Amino acid sequence: MARRPARAVLLVPLLLLALTAGGCGERAGSGALVTLVFKHAKILGPADPLPGLLRRFEARHPGVRVQSEALTWSSDEQHQFYVINLEGGSPPFDVMMLDLIWVPEFARAGWILDLTPFVPAAERDAHFPTAIEPAVQGGRLWALPWFMNVGLLYYRRDLLAKYGFTPPETYEALAAQVRRIRAGEGDPRLDGYLWQGKQYEGGMVNVLEALWANGARLLDDVGRPFPERERARESLAFLRGLIESGVSPAWVTAADEELTRRPFGDGRAIFLRNWPYALDLFELPDSRVRGKVGVAPLPRLRHGPVGAASTGGAHLAVSARTRHRTLAVDLTCFLTSEAAQRAMTEGAALRPSRPSLYQDAALVARDPSLPALLGLMEKGRPRPITPYYLMLSTTLQPEFSAVLVGRKSPDQAIRDGTAQVEHLLRAITP
Amino acid sequence: MTDHRLAWILLAPALAVLGGLTVYPALWVLWLSFQYRVPVFSISRWAGLDHYAFLAVDTRFWNAAWVTGVFTGCSVALECGLGLAMALALRGQSRGRRVALALLLLAWALPSVVTAKMFEWLYHPAGGLVNFLVGGRTINWLGDPDLALPALIAADVWRATPFVTLLCFARLLTIPADLYEAAQVDGAAGLQAFARITWPLVRPILLVALLFRTLDALRAFDIMFVLTGGGPAGATETLTVYAYRALFQTLQMGFGSAIGVVVFAFVMVVAVAYLWVINRQDQTA
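For clarity, every value in this text was computed on a predicted model and none was experimentally measured.

Focus on the overall build of chain A
Secondary structure assignment for chain A yields 18 helices and 11 strands. Its C-alpha atoms give chain A a radius of gyration of 23 Å, within 12% of the compact-globule value 22 Å for 430 residues. Looking at chain A as a whole, 57% of its 430 residues are labelled buried. In chain A, of all internal contacts separated by at least 6 residues, the share reaching a separation of at least 24 is 73%. When the accessible surface of chain A is summed, it comes to about 17100 Å², and 54% of that surface belongs to carbon and sulfur atoms.

Quick look at the pairing of strand β2 (residues 64–70) of chain A
All names here are of chain A. Relative to β2, strand β1 (residues 34–40) runs parallel, the two being bridged by 7 bridges. Residue pairing across strands places valine 37 opposite glutamine 67, the latter belonging to β2. With respect to chirality, the unit in which β1 leads through helix α2 (residues 50–60) into the neighbouring parallel β2 is right-handed.

With respect to the interface of chain B and chain A
Of the residues lining the interface, 38 residues belong to chain B; the matching set on chain A comes to 41 residues. Overall, the association of chain B and chain A removes approximately 3300 Å² of surface from exposure, summing both partners, and the carbon and sulfur fraction of that is 62%. For the pair chain B and chain A, the number of links is 1 salt bridge. Between Arg407(A) and Asp146(B) there is a salt bridge; the shortest N-O distance is 2.6 Å. Of all the elements in the fold, those that place two or more residues in the side of chain B that touches chain A are β1 (35–38), β2 (43–46), α5 (112–122), α7 (145–173), α10 (222–227) and α11 (239–249) of chain B. If you tally residues by element for the side of chain B that touches chain A, the top one is α11(B), at 4 residues. Of the residues contributing to the side of chain B that touches chain A, the split by class is 21 nonpolar, 11 polar and 6 charged.

Describing the pattern of salt bridges
All names here are of chain A. Counted according to the given criterion, the structure contains 31 salt bridges over all chains. A salt bridge links arginine 140 to aspartate 114; the shortest N-O distance between them is 2.7 Å. In this pair, arginine 140 sits in strand β5 (residues 140–141) while aspartate 114 sits in the loop between α4 (103–109) and α5 (121–125), placing the two residues 26 residues apart along the sequence. Across the pair lysine 408 and aspartate 416 runs a salt bridge, and its minimum N-O distance is 2.8 Å. The exposure class of lysine 408 is partly exposed, given its relative accessible area of 26%. Assessed through its relative accessible area of 23%, aspartate 416 is described here as partly exposed.

Considering the environment of Val134(B)
All names here are of chain B. Note that valine 134 resides in the loop between α6 (129–133) and α7. On the accessibility criterion, valine 134 (30% relative accessible area) is partly exposed. Separated by 126 residues in the primary sequence, valine 134 and tryptophan 8 have C-alpha atoms spaced 63 Å apart.

Regarding the nonpolar core
Phe38(A), Tyr82(A), Trp146(A), Tyr193(A), Leu218(A) and Leu335(A) are the most contacted members of the largest nonpolar core, which totals 149 residues. Counting residues per element, this core draws most heavily on helix α17 (residues 389–404) of chain A, at 8 residues. The next biggest cluster of nonpolar side chains, apart from the first, holds 42 residues, and it includes Val76(B), Ala100(B), Leu104(B) and Ile223(B).

So, the sheet that holds strand β6 (residues 144–150) of chain A
Where strands meet in a sheet, backbone hydrogen bonds hold them as pairs that are either parallel or antiparallel. All names here are of chain A. With respect to topology, 5 strands assemble into an open sheet ordered β2-β1-β3-β11-β6, the strand pairing being mixed. The open sheet is flanked by β2 and β6, the only strands paired with a single partner. When strand polarity is set aside, the average angle formed by the axes of neighbouring strands in this sheet is 15°. Both β1 and strand β3 (residues 95–99) contribute to a ladder of 2 bridges, which runs parallel. The partner of lysine 39 across the bridge, within β3, is methionine 96.

A look at the domain arrangement of chain A
Frequently, the measure chosen for interface size is the accessible area removed from exposure when the parts meet. Residues and elements named next belong to chain A. Its domain assignment divides chain A into domain 1 (25–149 + 312–379) and domain 2 (152–309 + 388–428). The C-alpha centroid of domain 2 is placed 29 Å from the C-alpha centroid of domain 1. Opposite the 13 residues of domain 1 that make contact, domain 2 presents 13 residues. Carbon and sulfur atoms make up 72% of the area that domain 1 and domain 2 hide from each other, which totals about 1100 Å². For aspartate 280, the salt bridge is made with arginine 351, and the minimal N-O distance between the two is 3.2 Å. Taken together, the connections running from domain 1 to domain 2 amount to 1 residue pair in polar contact (both at pLDDT 80 or more). It is helix α16 (residues 370–379) that contributes the most residues to the side of domain 1 that touches domain 2, 4 residues altogether. Among the residues making up the side of domain 1 that touches domain 2, the classes are represented as 6 nonpolar, 4 polar and 3 charged.

Thoughts on unusual backbone geometry
Residue and element names in this part refer to chain B. A cis amide bond links glycine 231 with the next residue in sequence, proline 232, at an omega value of -10°. Checked against the element boundaries, proline 232 lands in the loop between α10 and α11. Phi is positive for serine 42, close to 50°, though the residue is something other than glycine. On the secondary structure map, serine 42 appears in the loop between β1 and β2. Although it is not a glycine, alanine 233 adopts a positive phi angle of roughly 55°. Here alanine 233 shows up in the loop between α10 and α11.

Considerations on the state of the cysteines
All names here are of chain B. Counted under the stated rule, the structure contains 0 disulfides over all chains. In this structure cysteine 80 is a free cysteine whose sulfur lies 7.4 Å from that of cysteine 168, the closest cysteine sulfur available. Take cysteine 80: its relative accessible area is 7%, and that puts it in the buried class. Relative accessible area serves as the criterion here: at 0%, cysteine 168 is assigned to the buried category.

Remarks on the environment of His79(A)
Residue and element names in this part refer to chain A. Residue placement: histidine 79 occurs in helix α3 (residues 75–87). A C-alpha to C-alpha distance of 23 Å links histidine 79 and proline 352, two positions 273 residues apart in sequence. There is a polar contact of 3.2 Å between the side chain of histidine 79 and the side chain of glutamate 105.

What about the packing of helix α10 (residues 229–244) of chain A against helix α18 (residues 410–428) of chain A?
Residue and element names in this part refer to chain A. One can describe the packing of α10 onto α18 by two numbers: an axis separation of 9 Å at closest approach and a directional angle of 125°. Looking at the two axes, α10 sits oblique to α18. Seen along the crossing, α10 lies across α18 with a hand that is right-handed. The segment α10 lies against α18, with Arg229, Ala232, Arg233, Leu236 and Ala237 engaging Pro410, Asp411, Ile414, Arg415 and Thr418. Looking at the contact of α10 with α18 residue by residue, the class counts come to 5 nonpolar, 1 polar and 4 charged.

Criteria and cut-off values
Residues numbered from 1 in each chain as written. Chains lettered and ligands numbered in written order. Predicted model: local features only at pLDDT ≥ 70, side-chain atom pairs only at ≥ 80, totals over all residues. Heavy atoms only, no water. Helix = DSSP H or I, 4+ residues; strand = E, 2+ residues; numbered from the N terminus. Rg over C-alpha atoms; globule rule 2.2 N^0.38 Å. Buried < 20%, exposed > 50% of the residue type's maximum accessible area, 1.4 Å probe, protein only. Contact = heavy atoms within 4.5 Å. Areas by Shrake-Rupley, 256 points an atom, 1.4 Å probe, with all protein chains shown as cover. Pairing = 2+ DSSP bridges. Right-handed = clockwise from strand over helix to strand, strands pointing away. Buried area = accessible area lost by both parts, 1.4 Å probe. Salt bridge = Lys/Arg side-chain N within 4 Å of Asp/Glu carboxyl O. Nonpolar A, V, L, I, M, F, W, Y, C, P; charged D, E, K, R; others polar. Core = buried A, V, L, I, M, F, W, Y, C linked by side-chain atoms within 4.5 Å. Axes fitted to C-alpha atoms, helices over the stretch in contact; angles between N-to-C directions. Domains from an automatic or database assignment. Polar contact = N/O pair within 3.5 Å; in protein donor to acceptor, adjacent residues only side chain to side chain. Disulfide = S-S within 2.5 Å. Parallel < 35°, antiparallel > 145°, perpendicular 65-115°, else oblique. Left-handed = near helix turned anticlockwise from the far one by under 90°.

Structure below.
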């Protein structure tokens, strides 16, 4: 193999260049033959833009091949896949897509590369602060946002207009509108407000939003649970009350995003809490609610602000054990760049993490909801940013679920939840 | 070379494989269960029996044990009863047997996650087929803590009954027809023929089916994980779901292993009890 020394010679200046260039900048490739493995969830939408993007990256980096491997659909299984492979030693991938709630955990475990030296401040500032925040742990940046989500209140524009209502700013107003519209329509199959109350991460998100809507938090600044206990109690009682009063059907206690999206899409509900992806589906040509759906910030309870909606989304991170550090960082920068996010927004049912794209004329022409989403994305709130978020969530989910189905009083659930979280924290603090 | 030594040499590959694939991991899990081991927080210290002591008073654990027991008892009893009944019905059927068998296999051949997803829509309170069939009422199957477990048992019965049916049906085919003819000549028909001929001959295979299904049901995971996530209010959280949450969602390797060890112990006790019954049968038969 006569080419081998030549390849090494080529690599040295490249590495030097990479070290000095340091960051999300454009760089010419080398002749080295390298395969990068990129793990990600399947991208849904009209046209998957990813293969095109990866070919573009390869064209800029001759000799580099990006192998894109899809993860299983469920978020729990993705997490399990990563944990087993990363904890086991040498993971078979270089760049990975992470649910933003995992970033602090993976950073703490030392599984992902510190991206701070590679990402200039201007690049960091080009994303929503609410998207960057969850990727920061110990003052360092561990991942770059790829796309972004935020909780929205969907409402039936036609029904609200018919009764002279504007989108509700408080949950009291929402409940009153539901009663008035249902009484007026006289349709027993028309439900009021649909949300996700199943015992899973999505249910946790809905409970957190109810806490925030009343000015309560899950953790205080030093990580103690339920600092505003009375307000938290009110929030939980409110959620249960939605079901007891019939504003929400009892089955929301087993509902996830899709189970609530479908009836609303069939025109059988007035309000829905869901992520932005549902909007694309409601506007499909054969949708029964096409042109009849509006989006608004989530309402508030007595003590909280309007629009305290949870953020969601995916970040890209680099495995700490990758053998192609520079290239993997390059790929991460490339895929989160403005050009790539533009392509993702055009082809897939995803929303970018860069505010600039929400007012981009070409994109807005394709998707007129973007400017309205901008403000909602900016106001979005991250779930508690802590390495033990998943532990916390899994521990508390059965307690919250017990309140929603009426098995426990809010008081009891908060007390039991606090005891369990404290037990958990004792075990993990040496 | 003595026969004895040869026997060991011939056994060695099997023992090595079993040892490497079963005994070693099992011992490793047991070892982990005596530790605080949370890799994310670089925690690795001796816990002794702490995890087991916590489990003894952990209401979530006892709830999961109860749910596992109810799920196993009900689903296995129904599966074996229905499975045997369907096998008998199949034997009596002359036309369309192949189609019936193919349809039965379909349910068994579906991955259980697919089955679970399908039932998710069947049970949908607003648009699900089940509620349509019971007269358009909106019964909250998966969201009501009292109904969720029965709903999951029904789904599991739908999925696993064909397995029992096929085993029993295969056994029924091997019972010579002249046995029944002779019985008829002697004046024994119907129930009597079933009690004297069919039942004693099917019973051993039914016990094997019972053993398989019980061990499966004790480790039930996919159906509840997909359909309810263990909710509502933990009403469908089995021991394996709890262990999964501890191990792979919250990464408490030590604590999760302790749950795993307890599940293993339960399963072993049941398996040994069954084997004892089966052995005794063989001896008396």
